[in-house]
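These are the residues of each chain, in order.
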Amino acid sequence: MGTGQLVAVFGAYGHTGRFVVAELAARGFVPVPSGRNARALEELADEHGLEARVAAVEDPASLERALAGTAAVINCAGPFASTTGPVIEAALSAGIPYLDVAAELEANLDTFAHYRERARGAGAVIVPAMAFFGGLGDLLATAAMGDWTEADEAHIAYALSSWHPTAGTRLSGAVSRERRGARRLRYSGGQWEYRTDDAPTLEWGFPDPMGPRSVIGEFTMADVVPVPQHLPIPDVTTYMTAEAVRDIAAPHTPAPTATDESGRSDQTFLVDVVVRSGGVERRATAGGQDIYAVTAPLVAEALERVLTGRTKAVGVASAGEIFDALDFLHALAPHIALDLHPQKQMTA
């Protein structure tokens with residue numbers, strides 16, 4: 001547990017940031033809320049009895065002050081295209097680990113591209129996309145791989161009962177769309193490619209009792225960035241249930257509403273991962289409640305493992321690369337229901 005270690009949480013007053021602050025405190029850490037909105041910070045700090053530190057990405061000195069004396073920093077502030085670089089720089093300068101919950105494809109690609117060699121050379125730890133989108137899918141794909149050293153393809157399908165996006169999700173999505181224009185991204189043949197055609201509508205056979213559901217294929221989420229960074233899989237595809245896509249695309253879909261004392265919404269999820277190689281497939285699934293809330297135990301568990309040396313890599317590393325994937329997933333048992341399906345031969 002945290003044993004009183006200070007952990008800076010940049011963007012602590014956001015929807016996901018609040019879950020992260022609560023989870024860190026429950027694990028014995030002392031969160032240090034940080035961000036540009038002084039009033040929101042003070043309200044959050046007063047609520048939890050914490051010290052708030054105002055900081056902005058345009059002011060490196062303020063970030064240095066925010067991270068002073070902390071054991072690590074977790075970046076929860078989107079759009080991550082604007083915040084990852086400055087907060088990573090501050091973490092490197094302070095000599096502390098950096099983790100974020102970014103679901104922005106371009107921001108995550110930038111983190112691997114711009115900081116991989118520098119962080120490895122410094123022996124620093126940077127873990128991007130340590131969230132529901134990104135880290136969880138990567139851990140499931142790594143666990144499904146098991147003792148395989150390579151695979152032909154990986155498929156990650158999401159079934160969300162609904163998707164009420166936060167303001168941060170909408171803003172991050174707008175930034176990503178602005179960066180890629182009218183194009184969409186796909187990872188195929190071991191490389192990224194831009195597409196201008198519409199993503200296909202398919203049917204995905206989720207495990208019973210859910211069964212077949214209509215999904216949008218090539219609905220490329222953050223998971224597609226970390227998986228091929230460490231697993232030799234040339235084709236990685238993500239899918240999203242059509243109802244959830246309609247929810248997030250609609251401009252007037254409301255933000256999540258709390259339905260329990262922890263602040264979780266009533267949204268449920270199932271992540272179904274299939275890895276295929278040579279006519280054989282392996283599968284891993286995880287279900288739970290509220291994609292934003294479950295991000296908190298994901299990133300907090302990652303933080304604990306980084307700070308206690310339960311890691312397998314340095315530099316910029318994805319969840320499946322730096323952690324023991326199966327052990328990590330089992331540690332999330334209070335928050336997700338994990339199911340590893342037997343290996344089976346694919347039918348023609």
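Preceding block: the structure.
Residues numbered from 1 in each chain as written. Predicted model: local features only at pLDDT ≥ 70, side-chain atom pairs only at ≥ 80, totals over all residues. Heavy atoms only, no water.

Participant: Could you clarify how one ought to interpret the pairing of strand β12 (residues 235-241) in this entry?
Facilitator: Sheet faces and side chains relate simply in a regular strand, where the side chains alternate between the two faces. The buried count for β12 comes to 6 of 7 residues, which makes it a mostly enclosed element. Two strands pair when backbone bridges link them, and strand β7 (residues 153-160) and β12 are joined in this way by 6 bridges, in the parallel orientation. Within β12, the residue paired with Glu153 across the bridge is Asp235. Across 2 bridges, the pairing between strand β11 (residues 212-216) and β12 is antiparallel. Pairing of Val215 across the sheet is with Thr241, part of β12. (Buried < 20%, exposed > 50% of the residue type's maximum accessible area, 1.4 Å probe, protein only. Helix = DSSP H or I, 4+ residues; strand = E, 2+ residues; numbered from the N terminus. Pairing = 2+ DSSP bridges.)

Participant: Would you mind going over the layout of surface pockets with me for this structure?
Facilitator: When its volume is computed, the second largest pocket comes out at roughly 300 Å³. What lines the second largest pocket is a set of 14 residues, and nearest its centre among them are Glu23, Ser262, Arg264, Ala293 and His335. Among the secondary structure elements, those contributing two or more residues to the lining of the second largest pocket are α1 (15-26) and α10 (291-307). Classifying every residue of the lining of the second largest pocket gives 8 nonpolar, 3 polar and 3 charged. (1 Å grid on protein atoms, 1.4 Å probe; cavity = no way out; pocket = protein on both sides within 12 Å on 5 of 7 lines; lining within 4 Å. Points joined across faces, edges and corners; volume = space filled by probe spheres on them. Nonpolar A, V, L, I, M, F, W, Y, C, P; charged D, E, K, R; others polar.)

Participant: Looking at this structure, I do not really get the pattern of salt bridges. What am I missing?
Facilitator: Two side chains carrying opposite charge are able to pair once their charged atoms lie near each other. Taken as a whole and assessed by the stated rule, the structure comprises 24 salt bridges. The partner of Glu117 in a salt bridge is Arg120, with the nearest N and O atoms 3.1 Å apart. Residue Glu117 and its partner Arg120 are located together in helix α5 (residues 105-122), separated by 3 residues, close to a single helical turn. The class of Arg120 is partly exposed, set by a relative accessible area of 36%. Among the charged side chains, a network of salt bridges with common partners joins Glu23, Arg27, Glu301, Glu304, Arg305 and Asp327. (Salt bridge = Lys/Arg side-chain N within 4 Å of Asp/Glu carboxyl O.)

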